[in-house]
Amino acid sequence: MTATLLDGRSAAEEILGAIVGEVSRLDRPPHLAILRVGENEASRCYVERKCATAKRIGIRTTSRVLTASANLEEIIGQIDRWNGDSGIHGILVQMPLPDSAMHGAVFDAIDPKKDVDGFNPHNFGLLAQGRGGGFVPCTPNGIVHLLRRYGIATSGRHVVVIGRSTIVGRPLSLLLQSRGMDATVTQCHSKSENLREIAKSGHILISAAGSPGLVGGDWIGDGAVVVDVGQNFIADPSAPSGKRLVGDVDFAAALDRCSYVTPVPGGVGPLTVAMLMKNVLMARIANGC
Ligand code: NAD
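What comes next is a walk through the structure. On a predicted model such as this, the values are computed, not experimentally measured, just so you know.

A few words on the overall build of the protein. Tallying secondary structure elements over the protein gives 10 helices and 11 strands in all. Taking 19 Å as the expected radius of gyration for a compact globule of 289 residues, we find that the protein reaches 19 Å, a close match to that expectation. By principal-axis analysis of the C-alpha atoms, the protein measures approximately 55 × 40 × 35 Å. Going through the 289 residues of the protein one by one, you find that 49% of them count as buried. Intrachain contacts of the protein at a sequence separation of at least 6 include 71% that bridge at least 24 residues. Surface accessibility of the protein: about 12900 Å² in total, with carbon and sulfur atoms responsible for 51%. In the protein, which carries 29 positive and 27 negative side-chain charges, the distance between the mean positions of the two groups comes to 4 Å.

Quick look at empty space enclosed by the protein now. Applying the stated criterion to the full structure yields 1 cavity of 30 Å³ or more. As for the largest cavity, its lining consists of Ile91, Leu92, Val93, Met95, Val106, Phe107, Ile110, Asp115, Asp117 and Phe119. In terms of residue count, the dominant contributor to the lining of the largest cavity is strand β4 (residues 90-93) (3 residues). Classifying every residue of the lining of the largest cavity gives 8 nonpolar, no polar and 2 charged.

This paragraph deals with the pairing of β4. Every second residue of β4 is oriented toward a common face, with Gly90 and Leu92 on one face and Ile91 and Val93 on the other, all of them buried. Relative to β4, strand β2 (residues 31-37) runs parallel, the two being bridged by 4 bridges. Opposite Ala33, over in β4, you have Ile91 as the bridge partner.

Around the ligand there are 20 residues in total, and Arg164, Ser165, Ser190, Gln231 and Thr272 lie nearest to it. Between the ligand and Ser165, the relevant distance is 2.5 Å, taken from an oxygen atom to a side-chain nitrogen or oxygen of the residue. A distance of 2.7 Å is found between an oxygen atom of the ligand and a side-chain nitrogen or oxygen belonging to Thr272. Compared with its free state, where it exposes 850 Å², the ligand has 72% of that area covered by protein. Residue contributions to the shell around the ligand peak at 3 residues, all from helix α10 (residues 268-287). Of the residues contributing to the shell around the ligand, the split by class is 8 nonpolar, 11 polar and 1 charged.

All right, on to the pattern of salt bridges then. Pairs may arise between side chains of opposite charge once their charged atoms sit close together. Overall, the coordinates contain 11 salt bridges when judged by the stated rule. In this structure, the salt-bridge partner of Glu13 is Arg56, at a minimum N-O distance of 3.0 Å. Linking Glu13 in helix α1 (residues 8-24) with Arg56 in helix α2 (residues 41-56), this pair joins segments that are 43 residues apart in sequence. Note that Glu48 and Arg44 form a salt bridge whose closest N and O atoms lie 3.1 Å from each other. In this pair, Glu48 and Arg44 are both assigned in helix α2, 4 residues apart and thus about one turn of the helix distant. Accessibility expressed as a relative area gives 45% for Glu48, which makes it partly exposed. Overall, the relative accessible area of 28% leaves Arg44 in the partly exposed class.

What follows covers the pairing of β2. For β2, a buried count of 7 out of 7 residues is recorded, marking the element as mostly surrounded by other parts of the structure. Along β2, one buried face is formed by His31, Ala33, Leu35 and Val37 and the opposite face, lined by Leu32, Ile34 and Arg36, is buried too. After leaving β2, the chain enters α2 and then returns to the sheet as strand β3 (residues 60-66), a path that is right-handed.

What follows deals with the nonpolar core. If you look at the biggest cluster of nonpolar residues, it comprises 49 residues, and the most contacted ones within it are Ile19, Ile59, Leu176, Ile206 and Met277. If one sorts the elements of this core by residue count, α10 sits on top with 10 residues. Core analysis: the next-biggest nonpolar cluster, separate from the first, contains 19 residues, Ile79, Ile91, Phe107 and Ile110 among them.

On to the layout of surface pockets, then. One number sums up the size of the largest pocket: a volume of about 910 Å³. Along the wall of the largest pocket there are 42 residues; nearest its centre are Tyr46, Met95, Thr139, Ile167 and Val168. For the lining of the largest pocket, the secondary-structure elements that each account for two or more residues are α2, β4, α4 (103-109), α6 (138-149), β9 (232-235) and α10. Among the residues making up the lining of the largest pocket, the classes are represented as 23 nonpolar, 15 polar and 4 charged. By volume, the second largest pocket is sized at about 300 Å³.

What counts as what
Residues numbered from 1 in each chain as written. Predicted model: local features only at pLDDT ≥ 70, side-chain atom pairs only at ≥ 80, totals over all residues. Heavy atoms only, no water. Helix = DSSP H or I, 4+ residues; strand = E, 2+ residues; numbered from the N terminus. Rg over C-alpha atoms; globule rule 2.2 N^0.38 Å. Buried < 20%, exposed > 50% of the residue type's maximum accessible area, 1.4 Å probe, protein only. Contact = heavy atoms within 4.5 Å. Areas by Shrake-Rupley, 256 points an atom, 1.4 Å probe, with all protein chains shown as cover. Lys, Arg positive; Asp, Glu negative; His and termini not counted. Charge placed at Lys NZ, Arg CZ, Asp CG, Glu CD. 1 Å grid on protein atoms, 1.4 Å probe; cavity = no way out; pocket = protein on both sides within 12 Å on 5 of 7 lines; lining within 4 Å. Points joined across faces, edges and corners; volume = space filled by probe spheres on them. Nonpolar A, V, L, I, M, F, W, Y, C, P; charged D, E, K, R; others polar. Pairing = 2+ DSSP bridges. Near = heavy atom within 4 Å. Polar contact = N/O pair within 3.5 Å; in protein donor to acceptor, adjacent residues only side chain to side chain. Salt bridge = Lys/Arg side-chain N within 4 Å of Asp/Glu carboxyl O. Right-handed = clockwise from strand over helix to strand, strands pointing away. Core = buried A, V, L, I, M, F, W, Y, C linked by side-chain atoms within 4.5 Å.

If you want it as structure tokens, here you go:
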């Protein structure tokens, strides 16, 4: 079997094209504020990509970088200033922070109406309760969009999600079991036993562990759908930068076993950015000025 690639780039371009049309009808563009803390190279790349995409589709961005030694007061002070600024429609704090113990307080501090990442407990709670109306985290939303775009049914099917983070695994599991998606979800994590057997039993297998090569060919059931969320940089002396981006899945092995698979890069990543832009547009429309 040779799998069909789930093309995240073209799916993202369709979404972005629709946003351009909507932005052009507004009297003032949506405005996204991005805070980055510390010098994490991957975070810097992600923020640059978000800003470049926003610019391309007419969304304004403001970014601020705090040093890795910034304390919680400084971080929340910046968020509060943006919360109180009616010209800012969406606020994003690039994760992870140098000190992960701050994550909860930072999620709490963002005004739910500007919480375009969907990590504030208000928006997360709406998702957990199966209620609409809140911002849905971008990566899970992008994955669901990609499955729907390729007509991949989830209702009644067994979806195995590897990872339970606030950013990907946990909201993704909630979304997949919500009404309309109706999947039977098994959520796994680093303490799960028999992970290979569980993974193999999934009609759809989604890996968001951040562990290169974790999912080998013998983890994938015949004809399964495989979504690789992992973004891992591994050493590659042949690459100009000396490293290369790979996912969690042994891609070559997956191609032979599954029905559909996301490439890395070009799978989930572009959809994360597109869904962020969609949330910023929603925030602009909902908040008016
Ligand atoms: P995280 O470190 O916060 O969470 C990883 C989760 O995976 C944890 O719940 C952990 O228990 C689980 N895990 C780790 N190793 C495991 C193992 N060997 N077996 C089973 N479970 C294991 O990471 P995150 O923020 O959720 O991100 C996960 C991956 O997804 C990273 O590679 C990240 O770069 C990537 N990511 C990609 C996008 C995108 O747009 N493509 C967006 C966000 C995150």
